[in-house]
Protein chains: 2
Amino acid sequence: MKGIMVREAGDQDYEFIGKYTVETGWASIPESEKGELNKQEWTTHMLEVFENIRKRETSKIFVATDQDQVLLGYLFVGEGTYWITGQRCGYVYDIFVKQEFRGKGIGALLLEKAEEYSKEKGYSNIRLMVFADNEAATRLYRKMGYRAEAIHMGKALS
Amino acid sequence: MKGIMVREAGDQDYEFIGKYTVETGWASIPESEKGELNKQEWTTHMLEVFENIRKRETSKIFVATDQDQVLLGYLFVGEGTYWITGQRCGYVYDIFVKQEFRGKGIGALLLEKAEEYSKEKGYSNIRLMVFADNEAATRLYRKMGYRAEAIHMGKALS
């Protein structure tokens, strides 16, 4: 796809980013757990978490646009701590590409930007979390050299 | 294996628990990241993390012993928050069975205790994290009804 550009997010982009952060977040909650949640309260919680992380000095959001500055996706990177070593690392909080623009290399472009940023910050590693059922994303990360380190497992208690 | 008992940990057990928390923690760090670490500083960090979680009102440690009260393993459970829903859940921080006593159902016994405890606390779900290369543990968790929810992936930056 021609004309894709990646740049730092500005104030004009946060409506788009917030909308899809909420939308993809909600979609990723198992149906069995949605019953316990009030969507409006959850949305407030989600946007608070987002804002808190965004305000950190180490956080950065990149957006991908077409040549007309139409937003196609975004990536949210910052500083994580690998709990087992206690060492800081680059951490990708979220990565999103609009449905109709997937499979065009936009995710890879955004991820390269996050790696570049993490290197500049002096981190030796970059990490991220992917939902276990998100095969397309997992495939992209593997292709870009990411390896599974740990798996979160869960069970409903009856 | 006959005569296995599971009980809450007491002061006399913390030396055993601390020793293996440090030992298995260190063993789980990739060789490529050990170079950045000072083992003594890391041990202090690890024991601090352990103590901080242990002191929480919601935390509980169970130990498995043989009929002579010899320690065979332990499980550390407490309260987690599932970041995506913001809901509290039971969270297994650590589970350990001594090498020579593995494959005898001790892990399952400890895990059942953690599930029982989490139910008593009113959590609808229990969660844990397993290192991606720990096949024996992953197999046990699957057998006990745990499903992969999210995968942590990482990449070294050169």
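Placed above this text is the structure.
Residues numbered from 1 in each chain as written. Chains lettered and ligands numbered in written order. Predicted model: local features only at pLDDT ≥ 70, side-chain atom pairs only at ≥ 80, totals over all residues. Heavy atoms only, no water.

Asks: Can you lay out the overall build of chain A for me, pointing to particular residues and giving the numbers?
Replies: Scanning chain A from terminus to terminus reveals 5 helices and 6 strands. In chain A, the order of α-helices and β-strands from amino to carboxyl end is β-α-α-α-β-β-β-α-β-α-β. The C-alpha radius of gyration of chain A comes to 16 Å, within 12% of the 15 Å expected for a compact globule of 158 residues. For the C-alpha atoms alone, the extent of chain A along its principal axes is close to 50 × 35 × 30 Å. The buried share of chain A, reckoned over its 158 residues, is 50%. For chain A, the share of sequence-separated contacts (at least 6 apart) that also reach a separation of at least 24 residues comes to 56%. Summed over all atoms, the accessible surface of chain A reaches about 8300 Å², with 47% contributed by carbon and sulfur. Computing the positive centroid from 22 side-chain charges and the negative centroid from 24, chain A places the two 5 Å apart. (Helix = DSSP H or I, 4+ residues; strand = E, 2+ residues; numbered from the N terminus. Rg over C-alpha atoms; globule rule 2.2 N^0.38 Å. Buried < 20%, exposed > 50% of the residue type's maximum accessible area, 1.4 Å probe, protein only. Contact = heavy atoms within 4.5 Å. Areas by Shrake-Rupley, 256 points an atom, 1.4 Å probe, with all protein chains shown as cover. Lys, Arg positive; Asp, Glu negative; His and termini not counted. Charge placed at Lys NZ, Arg CZ, Asp CG, Glu CD.)

Asks: Lay out the interface of chain A and chain B in plain terms, naming residues and giving numbers.
Replies: Across the boundary between the two partners, chain A contributes 47 residues, which contact 47 residues of chain B. Both faces considered, chain A and chain B share a buried interface measuring about 4900 Å² in area, 57% of it formed by carbon and sulfur atoms. In terms of surface lost to chain B, no three residues of chain A exceed Met153, Lys155 and Leu157 of chain A, which account for 18% of the buried area on that side. There are 4 salt bridges connecting chain A and chain B. For the salt bridge of Glu115 of chain A with Lys155 of chain B, the shortest nitrogen-to-oxygen distance reads 3.0 Å. Where chain A meets chain B, there are 31 residue pairs in polar contact (both at pLDDT 80 or more). Broken down by secondary-structure element, the contributors of at least two residues to the side of chain A that touches chain B are helix H3 (39-54), strand S4 (87-97), helix H4 (106-120), strand S5 (125-131), helix H5 (135-143) and strand S6 (147-156) of chain A. Take the side of chain A that touches chain B: its biggest share by element is 10 residues, from S6 of chain A. When the residues that make up the side of chain A that touches chain B are grouped by side-chain class, the tally is 24 nonpolar, 14 polar and 9 charged. (Buried area = accessible area lost by both parts, 1.4 Å probe. Salt bridge = Lys/Arg side-chain N within 4 Å of Asp/Glu carboxyl O. Polar contact = N/O pair within 3.5 Å; in protein donor to acceptor, adjacent residues only side chain to side chain. Nonpolar A, V, L, I, M, F, W, Y, C, P; charged D, E, K, R; others polar.)

Asks: Outline the packing of aromatic side chains, listing residues and values.
Replies: The final tally for this structure, using the stated rule, is 24 aromatic pairs over all chains. Between Phe76 of chain B and Tyr93 of chain B, the ring centres sit 5.1 Å apart and the planes meet at 55°, which makes this aromatic pair tilted. Taken together, the positions of Phe76 of chain B in strand S3 (residues 71-82) and Tyr93 of chain B in strand S4 (residues 87-97) put the pair 17 residues apart, joining distant regions of the chain. The class of Tyr93 of chain B is partly exposed, set by a relative accessible area of 22%. Pairwise contacts between aromatic rings join Phe16, Tyr20, Tyr74 and Phe96 of chain A into one cluster. Lying across the ring of Tyr14 of chain B, Arg54 of chain B places its NZ or CZ 4.0 Å from the centre. (Phe/Tyr/Trp six-rings, centres within 6.5 Å; stacked < 30°, edge-to-face > 60°. Lys NZ or Arg CZ within 6 Å of the ring centre and 35° of its normal.)

Asks: Can you break down the sheet that holds strand S1 (residues 5-8) of chain B residue by residue, with the values?
Replies: On the basis of which strands lie adjacent, the open sheet formed by 12 strands has the order S1(A)-S2(A)-S3(A)-S4(A)-S5(A)-S6(B)-S6(A)-S5(B)-S4(B)-S3(B)-S2(B)-S1(B) and mixed pairing. Among the strands making up the open sheet, the edge pair consists of strand S1 (5-8) of chain A together with S1 of chain B. Each adjacent strand pair in this sheet contributes to an overall mean axis angle of 25°, direction not counted. Pairing geometry for strand S2 (residues 60-65) of chain B and S3 of chain B, over 6 bridges, is antiparallel. Note that in S3 of chain B the partner of Phe62 of chain B across the bridge is Leu75 of chain B. (Pairing = 2+ DSSP bridges. Axes fitted to C-alpha atoms, helices over the stretch in contact; angles between N-to-C directions.)

Asks: Quick one: what's the story with the relation of the copies chain A and chain B, residue by residue and with numbers?
Replies: Between the two copies, chain A and chain B, the superposition gives an RMSD of 0.0 Å; the rotation angle is 180° and the shift along the axis is 0.0 Å. The transformation just described matches what one would write down for a two-fold rotation axis. Across chain A, the rotation axis passes nearest the C-alpha of Ile151 of chain A, at a separation of 2.3 Å. By residue overlap, the copies meet face to face through one surface: 100% of the interface positions of chain A are interface positions in chain B. (Least-squares fit on C-alpha atoms with pLDDT ≥ 70 in both.)

Asks: Quick rundown of helix H1 (residues 14-27) of chain B? Include the residues and the values.
Replies: Residues and elements named next belong to chain B. Compared with an ideal rise of 1.5 Å per residue, which puts 14 residues at 20 Å, H1 spans 20 Å between its outermost C-alpha atoms and is within 8% of the ideal. For H1, every residue scored as buried is listed here: Phe16, Ile17, Gly18, Tyr20, Thr21, Val22, Gly25 and Trp26. For H1, the elements touching its buried residues are helix H2 (31-34), helix H3 (39-54), S2, S3 and S4. (Expected span 1.5 Å × (residues − 1).)

In short, geometric facts, not functional conclusions.
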